[in-house]
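Residue strings, one per chain:
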Amino acid sequence: PINPGTEATLALGIAHYLLKNSLYNKEFIKSHSYGFENWEKYILKNYSLEVVSAITGIDQSDIKNIAINFSKASKKSRRQSGYPDESSSTAPIKI
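This text gives an overview of the structure that appears in the document. Since the model is a prediction, treat every value here as computed from it, not as a measurement.

**Observations regarding the overall build of the protein**
For step 1, the next point in the chain: Helices and strands together make up the secondary structure of the protein, namely 6 helices and 2 strands.
For step 2, the next point in the chain: The secondary structure elements of the protein, listed N-terminal to C-terminal, are α-α-β-α-α-α-α-β.
For step 3, the next point in the chain: By the burial criterion, 26% of the 95 residues in the protein qualify as buried.
For step 4, the next point in the chain: A total accessible area of about 6600 Å² is found for the protein, and carbon and sulfur atoms account for 54% of it.

**What about unusual backbone geometry?**
The bulk of non-glycine residues show a negative phi, and the bulk of peptide bonds are trans.
For step 1, the next point in the chain: One non-glycine residue with positive phi stands out, namely Ser 22, at about 55°.
For step 2, the next point in the chain: Among the secondary structure elements, Ser 22 is positioned in the loop between α1 (7-20) and α2 (26-32).
For step 3, the next point in the chain: You can call Ser 22 partly exposed: its relative accessible area is 39%.

**Notes on the environment of Glu 40**
For step 1, the next point in the chain: Mapping Glu 40 onto the fold places it in helix α3 (residues 36-46).
For step 2, the next point in the chain: Considered as a pair, Glu 40 and His 16 are 24 residues apart in the sequence and their alpha carbons are 8.0 Å apart.
For step 3, the next point in the chain: Setting aside residues up to four positions removed in sequence, Glu 40 forms contacts with Leu 19 and Tyr 24.

**Some points on the packing of aromatic side chains**
For step 1, the next point in the chain: Counted according to the given criterion, the structure contains 3 aromatic pairs.
For step 2, the next point in the chain: A ring pair is formed by Phe 36 and Trp 39, whose centres lie 5.8 Å apart and whose planes are at 45°; its orientation type is tilted. With a gap of 3 residues between them, Phe 36 and Trp 39 both fall in helix α3, about one helical turn apart.
For step 3, the next point in the chain: A residue is classified by how much of its surface remains accessible, and Trp 39, at 27% relative accessible area, is partly exposed.

The rules behind these values
Counting from 1, residues in each chain are numbered in the order their sequence is written. Predicted model: local features are reported for residues with pLDDT of at least 70 only, side-chain atom pairs are reported and counted for 80 or more only, and whole-chain, interface and lining totals are derived from all residues. Side-chain measures here rest on the full set of heavy atoms in the structure, leaving out hydrogens and waters. The secondary structure listing takes helices from DSSP runs of H or I that are at least 4 residues long and strands from runs of E that are at least 2 residues long, numbered from the N terminus. Think of it in three bands: with a 1.4 Å probe and only protein chains considered, a residue is buried below 20% of the maximum accessible area for its type, exposed above 50%, and partly exposed in between. Exposure was quantified through the Shrake-Rupley algorithm and a 1.4 Å probe, taking into account, for residues, occlusion by the shown protein chains and nothing else. Any two residues having at least one pair of non-hydrogen atoms within 4.5 Å are treated as being in contact. Pairing of aromatic side chains requires ring centres within 6.5 Å, counting the rings of Phe and Tyr and the six-membered ring of Trp. Pairs whose planes differ by under 30 degrees are stacked, by over 60 edge-to-face, and all others tilted.

Listed below in structure tokens is the structure:
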């Protein structure tokens, strides 16, 4: 089980793996966000699988598998924006 209160750290560890392995839609990020490069640098510097595993109590291999499965999930299962589809928002997302 995950250590209590470390769910956000796990999410950032998943983000680290996705960023490091380019498992995200670069075109969507380019056209719908700003500040991404700074956020990406911060995540890659501070949330390696080793660090996240030590904080959360989740094995590095499990974090990696979660990230891989997340990257393969359908768009509908990942969407959190509240918009019906990604093209509905014209405003960039500040990261």
